[in-house]
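Here's the letter readout for the chains.
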Amino acid sequence: MSERDALIRVQSVQKTYLLGRYRLHVLRGCSVTVGDGEFLAIMGASGSGKSTLLHIMGALDTPDKGKVLFEDHDVFAGSAAARDRLRNQTFGFVFQFYHLLPELNVLENVLLPAMVGSSIAGWFSRKADVTAYARKVIEQVGLKDRIRHRPNELSGGERQRVAIGRALINRPRVLLADEPTGNLDTATGREILSLLTRLNEEGQTIVMVTHDAQVAAAAHRVVNLVDGQIRTRNAAGTRD
Amino acid sequence: MYKLFLCLRYLRKRRIAFFAIAAVWLCTAMVLIVISVMGGFLDMVKARSRGLLGDLIMENGALQGFPFYQEFIDQIKKEMPDRIEEATPVIVNYGLLRFPSSNITKPVQVVGIRFEETCRVNDFRKGLFLERYYPGTDSLAPEKIPAFGLDASGEIVLPPEFQTAYERWLKTATPAEKAEAQRQRTGPYPGPGLFYPAHYLEPNRTQPGWLGDPEPGLIVGVDVCAKRLPNGEYERYYQRGYKLLLTLLPLTPRGTLAGGGTSAPTIAFHLVDDSCTGVYDIDSVSVYGDFDIIQNALLMGETKREDGTRIPPRATQVQIKVREQATAEKTHDFAIETRKLLQDRWTNFMEAHLDQTTEPTLLSEVEIRTWEEKQAKFIMAVEKEKILVTILFCIISLVAVLLVGCIFYMIVQQKTRDIGIVKSVGATWHGVASIFLAYGAAVGVVGGILGLICGAVFVHYINDIQDLLTKLNPNLQVWSPEVYTFSRIPNDVKPWDVGAIFVVAILASMTGSLIAAVKAARVWPVEALRYE
């Protein structure tokens, strides 16, 4: 992939956490690019900073140094509101622990990002279209019969499907998945992976964080995060 | 959209919020009850504290009064017909009232009035008991004792003046008023106050008419001549025509007792009616006689010295009614404007008359005040009481704000992960804050509406509730008509109060949720989402 085709470019990002009196350098000049339509896996040991990198990439966290460019625009040069918009419109997050709102049913959880991006008037003008699309997405993730169920009535795999549906509702440019199979049994994890693969085949750009090489194998390209820096090989063995 | 959606969803699903709603509900109801009862009490006090005062009152604060009152009344009536509707002199002094049949003597405040003029200046007529049922029959002029008669069938017949007046009242009275008249036993049947009992017992008296020697009439404050019952009604002991003896203490223009205190005239009166202004301090001491009779008895009338010079008559007050305007507020403003004009006129008038009196300070001390100013001490005391009680209950209501704050803080603590989720999908910090502020407002709206409904219902039925409690246990009677002079607890709920309390309930709930909202807004999504 050439620099010109890159959708996201992470450039020399540094991130340090203060743990009491100690500074923990999580990312030490980390750089990586994500191409449009690519399925990228970020691998690393536990505590290596891969989730932090994903959060910074998706404007959920801020770097101490370095840049994140999305379509050549510096994500952190704009306002907080612009980053909020970016999280809402451009990125879709899938978390290891699903992170669904327990008070909402499947449809409502999926619709949440659409509601966040709408004013009251705007919502009522597009509610029918968005709801129809949400139903389609729910069907796509295989939860057609569970649309009115609440998260506590769903299995882990189903919850993760809802999380994927929620991530897709605003037709994001990039799906950021943080250990999407980490809390699932092997069979269910495989189902989720095949769902992600299918989405990628349909053109969805995906960045996935995992510590499991078998899971990472589903991606086009794999990068390793070691000591806060990217040391990479893709799944097929080509260098980044 | 998500703010409204999540706020409503949390309202339904978070049961802990019901405690916050209950707190707002109870406090709103409590404040509405307190404000309505105290506000109603204040309004009644204000309305009744006017008592027998005109819009404007001229007086110098001296018992011996001031001279040239009539000249000034004539002048202002002539010069300011567009402003002055009526003006009347009043004498206020003190005396001893004796009920000869019972040998009871009471100290009283003697008020000399021109009956018809006074009725035009203030609401005196409205407070008269018999005048209500026999309109136009009250008079302070000397008259005999009215006596009933019997027709051929033995039915009671009133003297023609009373019969006609009663029939005239019957035509205009509502069924409720008629029932009230029957209950008060003031109809053609000899009710209290109309007939002298001796004549009712006279078996051969068949012709209604008038008996005895004419005596001047005296209207007596209701609490002087009747007993107030625990239910707020009066038991009247004395009938119309009952003989009363009034002893007065005349003062010289200098303010000394006339005749060195040895000349205290006692005048015989007939009881004409009783007056209820609603203010116990007035009704328990006041008696009202004819202005000229009281003036002459107090040696305040016009006299001539041995050298032939004239000592002008004196009055202690001049009560003035201004022309009514479109609203009470406009009339009030108009009265204040008129007072200023009168003050200027009085200054000129006084300067022109100073050399005609031996006591110029009686003129120079005259002040013109509105009735509110005159009664300010009394009204302010109740107003301050209302403010104090309202403040106390608002302080108590702060507990509800704190409770809302605690509950919301707990909710935010429990919902930290959810806040992180909402932020991860693009919610702004102010959007998240507004979820909890809107949640607080929703708690205020729901609690406020419930509280206002309960409070309004409670206030509406407050007298029935008290009656029920009193029936269960007489010691539970919290409102004593004997003490408050109002027979019923005020139970008007003002729309303005309802609106204001509702807004304050919402704002208070939002204030309670403010800290929680700020905390929610400051949640760092990465931290919130890091751990399950």
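Residues numbered from 1 in each chain as written. Chains lettered and ligands numbered in written order. Predicted model: local features only at pLDDT ≥ 70, side-chain atom pairs only at ≥ 80, totals over all residues. Heavy atoms only, no water.

Draft legend 1. Seen up close, the overall build of chain A. Within chain A one finds seven helices and ten strands. The contacts of chain A with a sequence gap of at least 6 include a subset with a gap of at least 24, amounting to 69%. Accessible surface computed for chain A: about 10,700 Å², of which carbon and sulfur atoms make up 46%. (Helix = DSSP H or I, 4+ residues; strand = E, 2+ residues; numbered from the N terminus. Contact = heavy atoms within 4.5 Å. Areas by Shrake-Rupley, 256 points an atom, 1.4 Å probe, with all protein chains shown as cover.)

Draft legend 2. Layout of helix H12 (residues 328-353) of chain B. Under the 1.5 Å per step criterion, the end-to-end length of H12(B) is 35 Å for 26 residues, consistent within 8% with the ideal 38 Å. The complete set of buried residues in H12(B) reads B:Thr331, B:Phe334, B:Ala335, B:Thr338, B:Arg339, B:Leu342, B:Trp346, B:Phe349, B:Met350 and B:His353. (Expected span 1.5 Å × (residues − 1). Buried < 20%, exposed > 50% of the residue type's maximum accessible area, 1.4 Å probe, protein only.)

Draft legend 3. Just the environment of A:Ser31, in detail. All names here are of chain A. Along the chain, Ser31 turns up in strand S2 (residues 22-35). In sequence terms Ser31 and Val10 are 21 residues apart; their C-alpha atoms lie 4.9 Å from each other. Among all residues touching Ser31, those that are not within four sequence positions of it are Val10, Gln11, Ser12 and Ile230.

Draft legend 4. Fine view of the pattern of salt bridges. For the coordinates displayed, the defined rule picks out 32 salt bridges over all chains. Its salt-bridge partner being B:Glu131, residue B:Arg125 comes within 2.7 Å of it at the nearest N-O pair. Across the pair B:Lys415 and B:Asp418 runs a salt bridge, and its minimum N-O distance is 2.8 Å. Through salt bridges with shared partners, one network takes in A:Glu103, B:Lys415, B:Arg417 and B:Asp418. (Salt bridge = Lys/Arg side-chain N within 4 Å of Asp/Glu carboxyl O.)

Draft legend 5. How the structure looks around the packing of helix H15 (residues 376-414) of chain B against helix H20 (residues 495-521) of chain B. All names here are of chain B. Their axes nearest at 8 Å, the elements H15 and H20 cross at an angle of 25 degrees. The orientation of H15 relative to H20 falls into the category roughly parallel. As H15 packs across H20, the resulting crossing turns out to be right-handed. Within the contact between the two elements, H15 uses Val401, Val404, Gly405, Phe408, Tyr409, Val412 and Gln413 and H20 uses Ala508, Ser509, Thr511, Gly512, Ser513, Ile515, Ala516, Lys519 and Ala520. Each residue belonging to the contact of H15 with H20 can be placed in one class, and the counts come to nine nonpolar, six polar and one charged. (Axes fitted to C-alpha atoms, helices over the stretch in contact; angles between N-to-C directions. Parallel < 35°, antiparallel > 145°, perpendicular 65-115°, else oblique. Left-handed = near helix turned anticlockwise from the far one by under 90°. Nonpolar A, V, L, I, M, F, W, Y, C, P; charged D, E, K, R; others polar.)

Draft legend 6. Structural detail: the pairing of strand S14 (residues 286-290) of chain B. Residues and elements named next belong to chain B. Within S14, five of the five residues are buried, which leaves the element mostly enclosed by the surrounding structure. Looking at chain direction, strand S4 (residues 104-113) and S14 are connected through five bridges and run parallel. Across the sheet, Ile113 pairs through a bridge with Asp290, a residue of S14. Here strand S9 (residues 217-221) runs beside S14; their pairing, made up of three bridges, is antiparallel. Pairing of Leu218 across the sheet is with Gly289, part of S14. (Pairing = 2+ DSSP bridges.)

Draft legend 7. The nonpolar core, seen in detail. Counting residues in hydrophobic clusters, the biggest one holds 116 residues, and the most contacted among them are A:Ile8, A:Met57, B:Phe436 and B:Tyr439. If one sorts the elements of this core by residue count, helix H3 (residues 106-116) of chain A sits on top with eight residues. Look past the residues within four positions of A:Ile8 in its chain and what remains in contact with it is A:Val32, A:Thr33, A:Val34, A:Met57, A:Val68, A:Leu69, A:Phe70, A:Phe91 and A:Val174. Core analysis: the second largest hydrophobic core is formed by 48 residues, B:Leu218, B:Phe291, B:Val318 and B:Ile320 among them. (Core = buried A, V, L, I, M, F, W, Y, C linked by side-chain atoms within 4.5 Å.)

Draft legend 8. Up close: H20(B). Residues and elements named next belong to chain B. Over its 27 residues, H20 runs 37 Å from end to end, which matches the ideal 39 Å to within 8%, given 1.5 Å per residue. At Leu514, H20 is deflected by roughly 40 degrees, the largest bend along its length. By the burial criterion, the buried members of H20 are Asp497, Ile501, Ala505, Ile506, Ser509, Gly512, Ser513, Ala516, Ala517, Ala520 and Ala521. (Bend = angle between axes of the 7 residues up to and from the residue.)

Draft legend 9. How the structure looks around the packing of aromatic side chains. Going through the model one piece at a time under the given rule, you end up with 19 aromatic pairs over all chains. Joined through ring pairs, the aromatic side chains of B:Phe129, B:Tyr133, B:Tyr134, B:Phe162, B:Tyr166, B:Trp169 and B:Trp210 make up one cluster. Against the face of A:Tyr133 rests A:Arg171, its NZ or CZ located 3.7 Å from the ring centre. (Phe/Tyr/Trp six-rings, centres within 6.5 Å; stacked < 30°, edge-to-face > 60°. Lys NZ or Arg CZ within 6 Å of the ring centre and 35° of its normal.)

Draft legend 10. Local environment of the pairing of S4(B). All names here are of chain B. Where strand S3 (residues 84-99) meets S4, nine bridges bridge the pair, whose relative direction is antiparallel. Note that in S4 the partner of Gly95 across the bridge is Val108. In this antiparallel pair of consecutive strands, S3 and S4, the connection spans four residues, and Asn103 shows a positive phi of 55 degrees.

Draft legend 11. Local environment of the confidence of the model for chain A. Confidence in the prediction of chain A, expressed as mean pLDDT, is 87, and 95% of residues score 70 or more. Counting contacts from residues 235-240 of chain A, a segment whose pLDDT is below 50, to residues more than four positions away or on other chains yields ten contacts. (pLDDT = per-residue confidence, 0-100.)

Draft legend 12. Highlighting the environment of B:Trp25. Residue and element names in this part refer to chain B. Tracing the chain through its elements places Trp25 in helix H2 (residues 16-49). Given the relative accessible area of 31%, Trp25 is considered partly exposed. Spatially, the C-alpha atom of Trp25 lies 7.5 Å from that of Ile449, the residues being 424 residues apart in sequence.

Draft legend 13. View of the confidence of the model for chain B. On average, residues of chain B score 86 in pLDDT, and 92% of them reach the 70 mark or higher. The complex prediction reports pTM at 0.68, with the ipTM value standing at 0.88.

Draft legend 14. Looking closely at the side chain of A:Thr131. Inspection of the secondary structure assignment puts A:Thr131 in helix H4 (residues 120-140). Setting aside anything within four residues of it in sequence, one finds A:Thr131 in contact with A:Leu107 and A:Leu111.

Draft legend 15. Examining the environment of B:Val504 more closely. All names here are of chain B. Residue placement: Val504 occurs in helix H20. Note on Val504: relative accessible area 51%, which makes it exposed. Between the C-alpha atoms of Val504 and Thr28, which are 476 residues apart in sequence, the distance is 9.0 Å.

Draft legend 16. Up close: unusual backbone geometry. Residue and element names in this part refer to chain A. A positive phi angle is found at Ser12, which is not glycine, with a value near 50 degrees. Relative to the elements of secondary structure, Ser12 occurs in strand S1 (residues 6-19). Ser12 sits in the partly exposed class, given a relative accessible area of 42%. The phi torsion at Arg171 lies on the positive side, around 50 degrees, for a residue other than glycine. On the secondary structure map, Arg171 appears in the loop between helix H5 (156-168) and strand S7 (174-178).

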